[in-house]
Amino acid sequence: MPESTMIAKELTIGELSERSGVPASALRFYEREGLIHSRRTTGNQRRYHRTTLRRVAFIRASQSVGMPLSVIGEVLGFLPANVPPTREFWVRASECWSKEVNARIEKMERMRDRFTECIGCGCLSFEQCALVNPGDTLAGQGPGPRRLLAP
């Protein structure tokens, strides 16, 4: 097969950026965080295995549903280098995240329910605020904006 029709096993950072739609700066950040990996050429240029495209897609999809990179990294830790995420991997990831997702949903529901108690008051005393100072516990620390004055 002629070399021009062969699919390259490695991508430059520019090619990975173009194919994934993710800026090169974000790809470098992902690499620093250990989410993706590259090898360096003798000229110190990054080369990414083709399977990195799927890893990047997994990262972006996970971020789009609110998963923090630290949690994404933990799950990607189960995946060997240069192995693309599979459907089975997605199932395992979703099982790992179910507790995290449920906790986020509960927090958002509490915020929604409590937000109406103080929205728009602008008093800045937070004596009645169920979000910032439930039960006015900060009053025991003295007068003034206790959270703003904290060291």
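Here we summarise the structure given alongside this text.

Cut-off values and rules
Residues numbered from 1 in each chain as written. Predicted model: local features only at pLDDT ≥ 70, side-chain atom pairs only at ≥ 80, totals over all residues. Heavy atoms only, no water. Pairing = 2+ DSSP bridges. Helix = DSSP H or I, 4+ residues; strand = E, 2+ residues; numbered from the N terminus. Expected span 1.5 Å × (residues − 1). Buried < 20%, exposed > 50% of the residue type's maximum accessible area, 1.4 Å probe, protein only. Core = buried A, V, L, I, M, F, W, Y, C linked by side-chain atoms within 4.5 Å. Contact = heavy atoms within 4.5 Å. Axes fitted to C-alpha atoms, helices over the stretch in contact; angles between N-to-C directions. Parallel < 35°, antiparallel > 145°, perpendicular 65-115°, else oblique. Left-handed = near helix turned anticlockwise from the far one by under 90°. Polar contact = N/O pair within 3.5 Å; in protein donor to acceptor, adjacent residues only side chain to side chain. Phe/Tyr/Trp six-rings, centres within 6.5 Å; stacked < 30°, edge-to-face > 60°. Lys NZ or Arg CZ within 6 Å of the ring centre and 35° of its normal. Arc of directions from axis to C-beta.

What follows covers the pairing of strand E3 (residues 46-49). Summarising the sheet, strand E1 (residues 10-11) and E3 pair through two bridges and their orientation is antiparallel. For Glu10, the partnering residue across the bridge sits in E3 and is His49. Bridge count between strand E2 (residues 39-40) and E3: two bridges; the pairing is antiparallel. Looking at the pairing, Arg40 lines up with Arg46 of E3.

Right, let's get into helix H3 (residues 52-64). In a regular helix each residue adds 1.5 Å, so 13 residues correspond to 18 Å; H3 covers 18 Å between its end C-alpha atoms and thus fits that length. Along H3, the positions that sit buried rather than exposed are Thr52, Leu53, Arg55, Val56, Phe58, Ile59 and Ser62. Positive phi appears at Gly66, one or two residues downstream of H3, with a value of about 90 degrees.

Another point: the sheet that holds E3. On the basis of which strands lie adjacent, the open sheet formed by three strands has the order E1-E3-E2 and antiparallel pairing. Each of the sheet's edge strands pairs with one partner strand only, and the pair in question is E1 and E2.

One broad trend across soluble globular proteins is that nonpolar side chains are buried collectively. Counting 23 residues, the largest nonpolar core has Leu27, Phe58 and Leu76 as its most contacted members. In this structure Leu27 touches Ile13, Leu16, Ser17, Val22, Ile36, Tyr48 and Val56, once residues within four positions along its chain are discounted.

Between helix H1 (residues 13-20) and H3, whose axes approach to 10 Å, the crossing angle comes to 50 degrees. By the criterion of interaxial angle, the relationship of H1 to H3 is oblique. As for the relative orientation of H1 and H3, their crossing is right-handed in sense. Along its contact with H1, which presents Leu16, Arg19 and Ser20, the element H3 presents Thr52, Leu53 and Val56.

Here the focus is the side chain of Thr51. By the element assignment, Thr51 lies in the loop between E3 and H3. In terms of polar contacts, Thr51 uses its side chain to reach the side chain of His49, at 3.0 Å. The residues contacting Thr51, other than those within four sequence positions of it, are Asn82, Val83 and Pro84.

Another point: the environment of Ile36. Inspection of the secondary structure puts Ile36 in the loop between helix H2 (24-32) and E2. Here the alpha-carbon distance between Ile36 and Leu53, two residues 17 residues apart in the chain, equals 9.6 Å. Other than its neighbours up to four places away in sequence, Ile36 contacts Leu27, Tyr30, Glu31, Tyr48, Thr52, Arg55, Val56 and Ile59.

What follows deals with the environment of Val71. Residue position: Val71 is located in helix H4 (residues 69-76). With 22 residues separating them in the primary sequence, Val71 and Ala93 have C-alpha atoms 9.9 Å apart. Leaving out residues up to four positions away in the same chain, Val71 has contacts with Trp97 and Glu100.

What follows deals with the packing of aromatic side chains. Summed over all chains, the structure comprises two aromatic pairs. Each member of the aromatic cluster is reached from another via a ring pair, and the members are Phe58, Phe89 and Trp97. The aromatic ring of Phe78 is capped on one face by Arg92, whose charged end is 4.3 Å from the ring centroid.

For the rest of this paragraph, the subject is H1. Three- or four-residue spacings in an α-helix give side chains the same orientation, since the helix completes a turn every 3.6 residues. Buried within H1 we find Ile13, Leu16 and Ser17. The arc that holds the buried residues of H1, viewed along the axis, is 100 degrees, so those residues lie on one side. Facing away from the buried side of H1 by over 90 degrees, the exposed positions are Glu18 and Arg19. Here the buried face of H1 lies against E1, H2, E3 and H3. Looking one or two residues past H1, Gly21 carries a phi angle of roughly 80 degrees, positive in sign.

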